[in-house]
Amino acid sequence: MILKKQPLYYPVLVLFALVLVALSSLAFYTVLNLHREEQLMTEHLTSMGLLAIESIESSVAVSSKERPWQKQQLQNLFEKFGQQENIVYLHLVSPEGRIAMSSDDSLNGRQHVVQVMTFSDVRVDSAEAVMVLLGNQKNVFEVRKQFLPHDVPPSVQTKNTRVFPELISGEFIIIVGMTTADFYAALAEDTRRAIGSGLVLLLLAFSSAFFAFIIQKYYTTNKSLKTAESFIRNVIENMGHGLVALDVSGKIVTINRKACRLLREDEKTAVDRDFFEIMKNVDCTIDKTQILQENWTEKKVRCTTAGHTTPISLTTRRIHDQEDCAAGTVILMRDLQEIEALEERVKRSERLASLGQMAAVIAHEVRNPLGSIKGLAQYFARKFEHELDEKKYAEAIINETDRLNRVVVDLLDFARPHEPTYRRCTMAGIVGHALELVRADLEAKQILIEQSREEDVPVFEADPDLLAQVLMNLFLNAVEAMNMRGTLSIRCRYLAESEMVQTQVEDNGTGIPPAAIGKVFDPFFTLKKDGTGLGLALVHRIIENHSGSIEVTAAPGKGTIFTIKLPVKI
């Protein structure tokens, strides 16, 4: 039994395609989000830097109006702004690149050298925003702008030489360095979340593929089990023998149609019933202990239902589970009716063969003396033609001799039957010919003929003369068994399953006693006072030589039915 595999790769490919699209979308939107956050950071830090620069410029400008601006005051201002949380440093750089003032006074006088990292120069109003890399590998966002304090009075420019003239000349550059640690921490967190989401998607994809495989395997296994179950059920239902499976308590678990027919039970109601109770219902008692605890080889029983007795052979076998514990019993039920009928036919054939050989010898030994006796009787009949008593005795001898000779001829026909000469013929033609041969007998008793023939009865191969002899014998027996105005029924049909032509001859005569049913085809057995008992024996021999069968059913006072089955092809 081969099962077609379901294609598993289609749903898996679709699933991975969907996951790939999801991962691509996740990567695209993650990059887009990171870029957007960088832009927002740039704008935010630039705004913060400009705000710090403008605050310093405004402080310088306001203070310069009231009194001269001192270097230490500017240093204090830078240090104060440098203490803010997001500001790393605050430098005032000369045109030569030297730090003139810083929030960290230790850097005053040093050269301000930085390396541009990520961003190219970005002009925001009159400022310059860059990302620089310090020596300790920390990214710092710088906002640079020309230092221009607003509204410084002209008198201040010359009043005190301690004031940097560059403050108002616009030669100094003020630089605000702001930390990006929080921003990059947020970016790292977003990146980790994106990677985590991607891993979750991949895990979901592989999990879905795994579960798809499991579901497919379950589906295939389930389908295989159902197919195997259906196949086994069909095998059990179409077995030629009955099968019954019992559990350890003797209740029926499984039963097929053949077993139900043998036990006269309905399959739907038989399941879960006690098998031994059913056997009691059909008048068949068997040993429950032996069946459930022992392995029988075979036991023959006879079950009787509705007056009909069926010989059955029971073969049992105990079954065990994986742990070798008793799980139940399987019983095979075989109908022995056909076997017993076949055995009876074989016995009858053997008896007929033996009787045929004996009849041939007797006929041969009797026929010659009969010829001599008849010759002498004819001689005395002619010699005593005028003496009535002597002539009467001589004629009686002649008549009895002829009767004995007919018996001898029947014996010879029975002992050495003619081999069939096969040719194509129809049962309707053979029946019609046989009826013509016995028409005078039928009309004498005013017998009614009823014929029926199905349309699909085919032409078959047989010896029509021998079959006509068979039917003529059966018709004459029926006429003798019926009273005036009886009915002779002849039915023909085709048995497609066995490819046989079936012919039934039925009468409504006196019937045959049950005790004589099994003997009617035996030689010399007859229920007639003047019968030889060879007619039906010869009929049986002719049908047997055609590889067919003949059966008889009858009931006293209700008539007799002879059923003949002949093969279509020999």
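Residues numbered from 1 in each chain as written. Predicted model: local features only at pLDDT ≥ 70, side-chain atom pairs only at ≥ 80, totals over all residues. Heavy atoms only, no water.

A. The arrangement of the overall build of the chain in detail. Broken down by element type, the chain carries 15 helices and 19 strands. For the chain, the residues scored as buried account for 37% of the 570 residues in total. For the chain, long-range pairs separated by at least 24 residues make up 62% of all intrachain contacts whose partners lie at least 6 apart in sequence. Carbon and sulfur atoms form 55% of the exposed surface of the chain, whose accessible area is close to 33800 Å². (Helix = DSSP H or I, 4+ residues; strand = E, 2+ residues; numbered from the N terminus. Buried < 20%, exposed > 50% of the residue type's maximum accessible area, 1.4 Å probe, protein only. Contact = heavy atoms within 4.5 Å. Areas by Shrake-Rupley, 256 points an atom, 1.4 Å probe, with all protein chains shown as cover.)

B. The arrangement of the packing of helix α14 (residues 464-481) against helix α15 (residues 535-545) in detail. Between α14 and α15, the least distance of the axes is 10 Å, while the angle of their chain directions is 145 degrees. Between α14 and α15 lies a crossing of left-handed hand. Contacts between α14 and α15 involve Leu 466, Leu 467, Gln 469, Val 470, Asn 473, Leu 474 and Asn 477 from the first element and Gly 535, Leu 536, Leu 538, Val 539, Ile 542 and Ile 543 from the second. (Axes fitted to C-alpha atoms, helices over the stretch in contact; angles between N-to-C directions. Left-handed = near helix turned anticlockwise from the far one by under 90°.)

C. Structural detail: the pattern of salt bridges. A complete count under the given rule lists seven salt bridges for this structure. Note that Glu 142 is salt-bridged to Arg 144, the shortest N-O span being 2.9 Å. Of the two residues, Glu 142 and Arg 144, both sit in the buried class. Measuring nitrogen to oxygen at the nearest pair gives 3.6 Å for the salt bridge that ties Arg 423 to Asp 465. Here Arg 423, found in strand β13 (residues 423-425), pairs with Asp 465, found in helix α14; they are 42 residues apart in sequence, far enough to count as distant. Because the salt bridges share partners, they merge into one network encompassing Glu 189, Arg 192 and Arg 193. (Salt bridge = Lys/Arg side-chain N within 4 Å of Asp/Glu carboxyl O.)

D. Quick look at the sheet that holds strand β16 (residues 487-495). In spatial order, the strands read β14-β16-β17-β19-β18; together these five strands make up an open sheet with mixed pairing. One side of each edge strand has no neighbouring strand; the edge strands of this open sheet are β14 (448-453) and β18 (549-555). In this sheet, neighbouring strand axes are inclined to one another by 15 degrees on average, regardless of whether the strands run parallel or antiparallel. The pairing of β14 with β16 spans six bridges and is classified as parallel. If you follow Arg 453 over to β16, its bridge partner there is Cys 492. (Pairing = 2+ DSSP bridges.)

E. Inspection of the packing of helix α12 (residues 427-437) against α14 at higher detail. α14 packs onto α12 with a crossing angle of 55 degrees between their chain directions and a minimal axis gap of 8 Å. The angle between α12 and α14 falls in the class oblique. Note on packing geometry: the crossing formed by α12 with α14 is right-handed. Listed contacts from α14 to Met 427, Ile 430, Val 431, His 433, Ala 434, Leu 435 and Leu 437 of α12 are Pro 464, Leu 467, Ala 468, Leu 471, Met 472 and Phe 475. Here the residues of the contact of α12 with α14 sort into 12 nonpolar, one polar and no charged. (Parallel < 35°, antiparallel > 145°, perpendicular 65-115°, else oblique. Nonpolar A, V, L, I, M, F, W, Y, C, P; charged D, E, K, R; others polar.)

F. Focus on helix α2 (residues 71-82). In a regular helix each residue adds 1.5 Å, so 12 residues correspond to 16 Å; α2 covers 16 Å between its end C-alpha atoms and thus fits that length. The complete set of buried residues in α2 reads Leu 74, Gln 75, Leu 77, Phe 78, Phe 81 and Gly 82. Considered in projection along α2, the buried side chains sweep an arc of 160 degrees and stay on one side of the axis. Seen from the open side of α2, the exposed residues pointing more than 90 degrees away from its buried face are Gln 72 and Lys 80. (Expected span 1.5 Å × (residues − 1). Arc of directions from axis to C-beta.)

G. View of the nonpolar core. If you look at the biggest cluster of nonpolar residues, it comprises 42 residues, and the most contacted ones within it are Met 427, Phe 460, Leu 471, Phe 475 and Leu 488. Breaking this core down by element, the ones donating at least two residues are α12, β15 (460-462), α14, β16, β17 (500-507), α15, β18 and β19 (559-567). For this core, the leading source of residues is α14, giving nine residues. Those residues in contact with Leu 471 that lie beyond four places of it in its chain are Met 427, Ile 430, Val 431, Ala 434, Val 505 and Ile 564. Membership of the second largest hydrophobic core comes to 25 residues, among which are Val 60, Leu 90, Met 178 and Phe 183. (Core = buried A, V, L, I, M, F, W, Y, C linked by side-chain atoms within 4.5 Å.)

H. Expanded view of α14. The end-to-end C-alpha separation of α14 is 25 Å, in line with the 26 Å expected for 18 residues at 1.5 Å each. Two or three places before Asp 465, at the opening of α14, Asp 463 has a side-chain oxygen 3.1 Å from that residue's backbone nitrogen. (Polar contact = N/O pair within 3.5 Å; in protein donor to acceptor, adjacent residues only side chain to side chain.)

I. Main features of the pairing of strand β7 (residues 173-179). A large share of β7 lies buried, amounting to five of its seven residues. When strand β6 (residues 139-146) meets β7, the two strands line up antiparallel, connected through seven bridges. Following the sheet pairing, Val 143 is matched in β7 by Val 176.

J. Here's a closer look at the environment of Val 552. Here Val 552 shows up in strand β18. Among the residues examined, Val 552 registers a relative accessible area of 11% and is labelled buried. Along the sequence, Val 552 and Phe 521 sit 31 residues apart, while their C-alpha atoms lie 9.6 Å from each other. With residues up to four places along the chain from it excluded, the contact list for Val 552 reads Ile 512, Ile 517, Val 520, Phe 521, Thr 560, Ile 561 and Phe 562.

K. Quick peek at unusual backbone geometry. The phi dihedral of Arg 485 falls on the positive side, at around 60 degrees, and the residue is not glycine. Mapped onto the fold, Arg 485 is located in the loop between α14 and β16. Take Arg 485: its relative accessible area is 60%, and that puts it in the exposed class. Its identity is not glycine, yet Ser 547 carries a phi of approximately 60 degrees, on the positive side. Among the structural elements, Ser 547 can be located in the loop between α15 and β18.

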